[in-house]
Amino acid sequence: MHSYGVSDVEKLLRLPRSTIRALIAAGFITPARGSRNAWQFSFQDLIVLRTAQALAAANIPQRRIVRALKDLRGRLPESMPLSGLSIGAVADEVVVREGGTRWAAETGQYLLAFEGDPDAGSLRVVEPAPPRSPARDEAVDDDAFERRDSAAALRAYDAAIAADPSRVDARINKGRLLHELGRYEEAVRTYLDALESGVHDALLHYNLGVLLDDLDRKPQAQKAYEAALGLDPRMADAHYNLALLCEELDQPREAIRHMAQYRRLVGGG
């Protein structure tokens, strides 16, 4: 397995050596020792260090980054790698997204949703859009019901779809919930069934793109994001996710174009 020295990390991540040393001293990462006792970082270490770099770019003070990440490690079971979480900055708060929940790294307090721009200073947070709620008489009108009884929510979505196959909101909510529950292939089938039945909606294509992206089906995810933008060219999140995806697929011109469009739409520099 390839390893990286401290100078490599500094060049790749533009992360000060002082921050690297502080994270090691805090026990957040434990790099191996190479020749002459020099630190050797794994790829997983780089992912974790990149998290710190992203938080630093969001103007979170170094001391707070180290404290927040150390607190975060203490709140997680040993079997859960930190690199598997989405971590970002909201205002001056270090926020973690784990599945469908969001919580503050330093306090463990759960948050209702990201506020402001979650992409600023985040480590590739790719998130499905919020649900579209079926009618209240179907008793599925918010996320709280899904958290309370996901099986009942899925049954309600199925009933809504059976009663009216054109109910795109029920199809989107069902696919998103299956995604959050880790039932990925069922979620893919839900979205594809909707498309095959003649339902076309920008949010449906977008959520399918997020799902395929998570499943590492990059070319298919790209097509889904492009389909979403074909229906709604002003969907900023689709431009952002597509920019990241094009970068991974070695399509730099497309990546730059979509990121520029994203920044124009959100009014950022």
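Reading the values: the criteria
Residues numbered from 1 in each chain as written. Predicted model: local features only at pLDDT ≥ 70, side-chain atom pairs only at ≥ 80, totals over all residues. Heavy atoms only, no water. Salt bridge = Lys/Arg side-chain N within 4 Å of Asp/Glu carboxyl O. Helix = DSSP H or I, 4+ residues; strand = E, 2+ residues; numbered from the N terminus. Buried < 20%, exposed > 50% of the residue type's maximum accessible area, 1.4 Å probe, protein only. Contact = heavy atoms within 4.5 Å. Axes fitted to C-alpha atoms, helices over the stretch in contact; angles between N-to-C directions. Parallel < 35°, antiparallel > 145°, perpendicular 65-115°, else oblique. Left-handed = near helix turned anticlockwise from the far one by under 90°. Expected span 1.5 Å × (residues − 1). Arc of directions from axis to C-beta. pLDDT = per-residue confidence, 0-100. Phe/Tyr/Trp six-rings, centres within 6.5 Å; stacked < 30°, edge-to-face > 60°.

Chemist: Break down the pattern of salt bridges for me, citing the residues and quoting the values.
Modeler: All told, the structure shown has 11 salt bridges when counted by the stated rule. Between Lys-174 and Asp-158 there is a salt bridge whose closest N-O contact spans 2.7 Å. Taken together, the residues span a long stretch of sequence, with Lys-174 in helix α7 (residues 168-180) and Asp-158 in helix α6 (residues 150-163) at a distance of 16 residues. The class of Asp-158 is partly exposed, set by a relative accessible area of 35%. One network of salt bridges, with partners in common, ties together Asp-213, Asp-216, Lys-218 and Glu-248.

Chemist: Just give me the short version of the environment of Ser-18, but keep the residues and values in it.
Modeler: For Ser-18, the position within the fold is in helix α2 (residues 17-25). Overall, Ser-18 belongs to the partly exposed group, its relative accessible area being 33%. As for Ser-18 and Gln-62, which are separated by 44 residues in sequence, their C-alpha atoms are 9.1 Å apart.

Chemist: Which residues make up unusual backbone geometry, and what values go with them?
Modeler: Unusually for a residue other than glycine, Asp-216 sits at a positive phi of about 65°. For Asp-216, the location among the structural elements is in the loop between α9 (202-214) and α10 (218-231).

Chemist: Break down the side chain of Lys-174 for me, citing the residues and quoting the values.
Modeler: Relative accessible area serves as the criterion here: at 18%, Lys-174 is assigned to the buried category. In this structure, Lys-174 is in contact with Leu-154, Tyr-157, Asp-158, Ile-161 and Thr-190, ignoring residues within four places of it in sequence.

Chemist: Give a description of the packing of α9 against α10 that names residues and reports values.
Modeler: Running from N to C, α9 and α10 point in directions that differ by 160°, and their axes come no closer than 8 Å. Considered as vectors, α9 and α10 are oriented roughly antiparallel to each other. As α9 runs across α10, the sense of the crossing is left-handed. Along its contact with α9, which presents Ala-202, His-205, Tyr-206, Leu-208, Gly-209, Val-210, Leu-212 and Asp-213, the element α10 presents Lys-218, Gln-220, Ala-221, Ala-224, Tyr-225, Ala-227, Ala-228 and Leu-231.

Chemist: Quick one: what's the story with α10, residue by residue and with numbers?
Modeler: With 14 residues, α10 extends 20 Å from end C-alpha to end C-alpha; this agrees with the ideal 20 Å at 1.5 Å per step. Every buried residue of α10 is listed here: Lys-218, Ala-221, Gln-222, Ala-224, Tyr-225, Ala-228 and Leu-229. Relative to the axis of α10, the buried residues are bounded by an arc of 165° and lie together on one face. Across α10 from its buried face, at more than 90 degrees, point the exposed residues Pro-219, Lys-223 and Gly-230.

Chemist: Lay out the confidence of the model for the protein chain with the relevant residues and their values.
Modeler: Here the protein chain shows a mean pLDDT of 75. Residues at 70 or above account for 70%. Confidence drops under a pLDDT of 50 for residues 113-144, and excluding neighbours within four residues, the segment shows 83 contacts in the predicted structure.

Chemist: I'd like a description of the packing of aromatic side chains, backed by residues and values.
Modeler: As enumerated under the stated definition, the model contains two aromatic pairs in all. Taking the centre distance of 5.9 Å and the plane angle of 50° together, the rings of Tyr-206 and Tyr-225 count as tilted. Taken together, the positions of Tyr-206 in helix α9 and Tyr-225 in helix α10 put the pair 19 residues apart, joining distant regions of the chain. Of the two residues, Tyr-206 and Tyr-225, neither departs from the other in class, the shared state being buried. Residues Tyr-240 and Tyr-262 carry aromatic rings whose centres are separated by 5.0 Å and whose planes lie at 50° to one another, so their mutual orientation is tilted. Separated by 22 residues along the polypeptide, Tyr-240 in helix α11 (residues 236-248) and Tyr-262 in helix α12 (residues 252-266) bring together distant segments of the chain. The burial state of Tyr-240 is the same as that of Tyr-262; both residues are buried.

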